[in-house]
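A look at the structure
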There are 2 protein chains.
Amino acid sequence: MKAEIMGIGTELLMGELTDTNSSWIASRLPALGIELQWVSIIGDDLPRLTEAFKQGMERSDIIFTTGGLGPTQDDLTREAIAAAFGETPIIQQEVVEDLERYFAARGGPMPQHNIKQANLIPSARFVPNRNGTAPGWWAERDGKIIICMPGPPGENQSMWEEQVEPQLAGLVEDEVTITRNIKTMGMSEGAVDEIVSEFFGVENPYLGIYSKADGIHLRVIARAKDTTTAHNMIAPVEKAIHERLGEYVWGYDDDTPEQAAGKSLMERGLSVAVMEMCTGGALANSITDNPNSVSYFKGGNVAYDGAALRSCGVPGEVMEKHGVVSQETANAMAEAVRRQLNADVGIAVTGVPGPGEFEGKPLGLAYICVSNGEKIREMEMRLPPRRVTIKRRVPNQALIELRRLVEETG
Amino acid sequence: MKAEIMGIGTELLMGELTDTNSSWIASRLPALGIELQWVSIIGDDLPRLTEAFKQGMERSDIIFTTGGLGPTQDDLTREAIAAAFGETPIIQQEVVEDLERYFAARGGPMPQHNIKQANLIPSARFVPNRNGTAPGWWAERDGKIIICMPGPPGENQSMWEEQVEPQLAGLVEDEVTITRNIKTMGMSEGAVDEIVSEFFGVENPYLGIYSKADGIHLRVIARAKDTTTAHNMIAPVEKAIHERLGEYVWGYDDDTPEQAAGKSLMERGLSVAVMEMCTGGALANSITDNPNSVSYFKGGNVAYDGAALRSCGVPGEVMEKHGVVSQETANAMAEAVRRQLNADVGIAVTGVPGPGEFEGKPLGLAYICVSNGEKIREMEMRLPPRRVTIKRRVPNQALIELRRLVEETG
């Protein structure tokens, strides 16, 4: 079953709003056996919307739309479907009454504009909206389906989960899609690509490779009649990836570095503290994105120069001899914060985040140390000279090193 | 000049990644006089990509693409343009050498697969990429333009700003669109909407209202023959907004809270230090997103419980009497970190970030204090009970309060 998604709204075309609905819906389709082929963003323009629906009815079996169901003159999704189908919308009295009740419950009369949300064509039925005034539409014609949902993500997601997905689940029965995402760090995209190259170019199971801020991801996608068959198709590819790249694998599926590291710490009842220079709080921020961090994060220091580091217990001699940006200072920082905050493991990062070079060292150079007092993991990184990249990639690498140290030492 | 944007990548269609590049590029087009008509997301599929380029060449004057320029077999943007144009890619030796230099600087040889990034067709030229291995493409044919940029937002945005936008600026001369974005904090969307309601519903200049993590934004958009005329159309609307909402306005256009606060500090030669509880590093992280922060940020402490706060110099009595999550503790934290790190201004935030309630206080409650030793600004916030919202909105509010304190005291 081939599908497309249309995000509708001029504000999306003006770049005032990012369309997050489409990727959210997209992520739900594989497990339903629905194959997404196109996503488009279309402005609030009747001729262009009508054309898009006509094209969609030709190339897709099912069209999902978000947006354009509001009460204003800009909201033209309903009108465009009516035009594409050559049908005339008629106001449904019972929906007018629903709307009046909605507004009465919020202490006011229904604005006259909202009456257009009660319009329906013969080929469509309403989809109830528990969280707003805009009911969805479910239209069917010539074996094709158009499902219209509201634009606000909260309304859209609850309508999807409560109404749309349950009704779709019965439609496609002959195929499921299972995805396995394997996350590596420490080898370049080109190198990973070479090592598993024989699996590329196969349609099913499909292997994709993606370069992300937390490393190189390998994604295996299998389509089959049932879940077991799909899993059996993925297994040999996953096994080969593990045999060749096992030491670089740090997580699976939706794992993030902060979750993977947090899980390793919690399993062993260990705590962690951080001292960070070039990441300016991004490492602590990443750790505390995990709600479980309350049970293992002891706190952190964000320093921005040698004096601040000295006041945090980092020996001045080390910094004088090797520089603030050096592996030796990173190691001293990790040990200092580990003791100061009485944590099992200390992590430190120091580096040059810009704007320019520092101590004659280039923008993008960074050092990481993870220490448990007995063992350390240390690492030098040379990153592109951009602050945002440094602040994203150094914490990811540090958390993966943290996980490795914890797993190594049992 | 009619444009379309294509986000290229199967991971976008699978919902594994949200396409943020398209809305970023979309937001840049109005000021260039380029009218965006279509945005689409297309998988890494040669026939479908080729078809999309053929369709785009018919309906648009200019096509922007992001993604599909990497070294792997999945990356097919170049191949699809070559197929749509009926041209054959040829490897360019000087680009191979650039790539070899790029990898050498990172301490390794170039993987063989990367050689495909040196491919070019006769109708295209390269666009340099300062931040990655994938050069862009600028292809022209039959008066139509295709501009291909890499998928990672950092590479894409710097290529746009340094290479693409300057070359586009000369292309369109008959209309300009000027946008003025006015950012407020402290009044609800409904209240702001009412106060400036007479300006809504006008097509040119158009007024839009948007609720964001850093407050309510009002965006005025004017289309005119030249910049002066467009500015003159915006001026009276902006003046009215200022007269009615001036005290709530904290920034304009691309200003962020960390930039606005940083600018106020730098103008006065003041420094700042932070102590944060419920934001777990997000406040320091936000401040240090500004590269200028090196000149005014003294550092920060990220604490996660009362014991850690005590070790940072926050009096135990205050916490025992009022609780760790209280205005009184926030005020004591701000003063403690200001002294400890010898800063002119101290900022503190404390609150309940979850997973559950704390000291019997609800998830989402937070207190902010900004202190310069003589004056303080304090604030209680009650936010939706979601960690990600708390970590985004509390730092924004704290930085806007910081700016207000600094501006107030001259």
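What this report covers is the structure whose coordinates are included nearby. (Residues numbered from 1 in each chain as written. Chains lettered and ligands numbered in written order. Predicted model: local features only at pLDDT ≥ 70, side-chain atom pairs only at ≥ 80, totals over all residues. Heavy atoms only, no water.)

1. Comments concerning helix H14 (residues 387-408) of chain B
The end-to-end C-alpha distance of H14(B) is 31 Å, a good match for the 32 Å that 22 residues give at a rise of 1.5 Å each. Summarising burial for H14(B): 17 of the 22 residues are buried, a large majority. (Helix = DSSP H or I, 4+ residues; strand = E, 2+ residues; numbered from the N terminus. Expected span 1.5 Å × (residues − 1). Buried < 20%, exposed > 50% of the residue type's maximum accessible area, 1.4 Å probe, protein only.)

2. Some details on the pairing of strand E7 (residues 136-141) of chain B
Residues and elements named next belong to chain B. Two elements, strand E6 (residues 124-127) and E7, share four bridges in a ladder whose sense is antiparallel. Bridge pairing in E7 links Ala124 to Ala139. Alignment of E7 against strand E8 (residues 144-149), held across five bridges, turns out to be antiparallel. In the strand pairing of E8, Trp138 is matched with Ile147. The turn linking E7 back onto E8 is made up of two residues, and Asp142 within it adopts a positive phi angle of 50°. (Pairing = 2+ DSSP bridges.)

3. Some points on the sheet that holds strand E1 (residues 2-8) of chain B
Pairing is mixed in the open sheet, where twelve strands are placed in the order E6(A)-E7(A)-E8(A)-E3(A)-E1(A)-E2(A)-E2(B)-E1(B)-E3(B)-E8(B)-E7(B)-E6(B). In the strand order of this sheet, the two ends are held by strand E6 (124-127) of chain A together with E6 of chain B, each with one partner. On average, each strand axis in the sheet is inclined to that of its neighbour by 15°, with strand direction left out of account. Of the strand pairs in this sheet, strand E3 (residues 62-66) of chain A and strand E8 (residues 144-149) of chain A are connected by five bridges, and their pairing is parallel. Paired with A:Thr66 across the strands is A:Met149, a residue of E8(A). (Axes fitted to C-alpha atoms, helices over the stretch in contact; angles between N-to-C directions.)

4. Looking at the interface of chain B and chain A
Each partner contributes residues to the interface: chain B has 68 residues there, and chain A has 68 residues. Note on chain B versus chain A: buried area summed over both sides is about 5700 Å², and carbon and sulfur give 54% of it. Considering only the side of chain B, the residues that lose the most area to chain A are B:Met14, B:Trp38 and B:Tyr304, jointly responsible for 11% of the buried surface there. Remark: the boundary between chain B and chain A carries two salt bridges. The partner of B:Asp289 in a salt bridge is A:Lys391, with the nearest N and O atoms 2.7 Å apart. Across the contact surface, chain B and chain A share 24 residue pairs in polar contact (both at pLDDT 80 or more). The element contributing the most residues to the side of chain B that touches chain A is strand E2 (residues 35-42) of chain B, with eight residues. In terms of residue class, the side of chain B that touches chain A is built from 25 nonpolar, 26 polar and 17 charged. As paired strands, strand E2 (residues 35-42) of chain A and E2(B) are joined by three bridges and run antiparallel to one another. (Contact = heavy atoms within 4.5 Å. Buried area = accessible area lost by both parts, 1.4 Å probe. Salt bridge = Lys/Arg side-chain N within 4 Å of Asp/Glu carboxyl O. Polar contact = N/O pair within 3.5 Å; in protein donor to acceptor, adjacent residues only side chain to side chain. Nonpolar A, V, L, I, M, F, W, Y, C, P; charged D, E, K, R; others polar.)

5. What about the packing of helix H2 (residues 21-28) of chain B against helix H6 (residues 153-168) of chain B?
Residue and element names in this part refer to chain B. Packing of H2 against H6 brings their axes to within 11 Å, and their N-to-C directions diverge by 25°. By the angle class used here, H2 and H6 are roughly parallel. With respect to the hand of their crossing, H2 and H6 are arranged in right-handed fashion. In this structure, H2 contributes Asn21, Trp24, Ile25 and Arg28 to the contact, and H6 contributes Pro153, Asn156, Gln157, Trp160, Glu161 and Glu165. (Parallel < 35°, antiparallel > 145°, perpendicular 65-115°, else oblique. Left-handed = near helix turned anticlockwise from the far one by under 90°.)

6. A word on unusual backbone geometry
At the junction of B:Asn204 and B:Pro205, the peptide bond is cis and its omega measures out at 5° in the coordinates. Following the sequence through the fold, B:Pro205 ends up in the loop between helix H7 (189-195) and strand E10 (206-212). Each neighbour pair has its own omega, and for B:Gly354 with B:Pro355 the value is 10°, a cis peptide bond. Structurally, B:Pro355 can be placed in the loop between strand E15 (345-351) and strand E16 (365-371). With phi around 55°, A:Asn342 is a residue other than glycine that occupies positive phi space. Mapped onto the secondary structure, A:Asn342 falls in the loop between helix H13 (327-340) and strand E15 (345-351). Looking at A:Asn342, the relative accessible area reads 61%, which means it is exposed.

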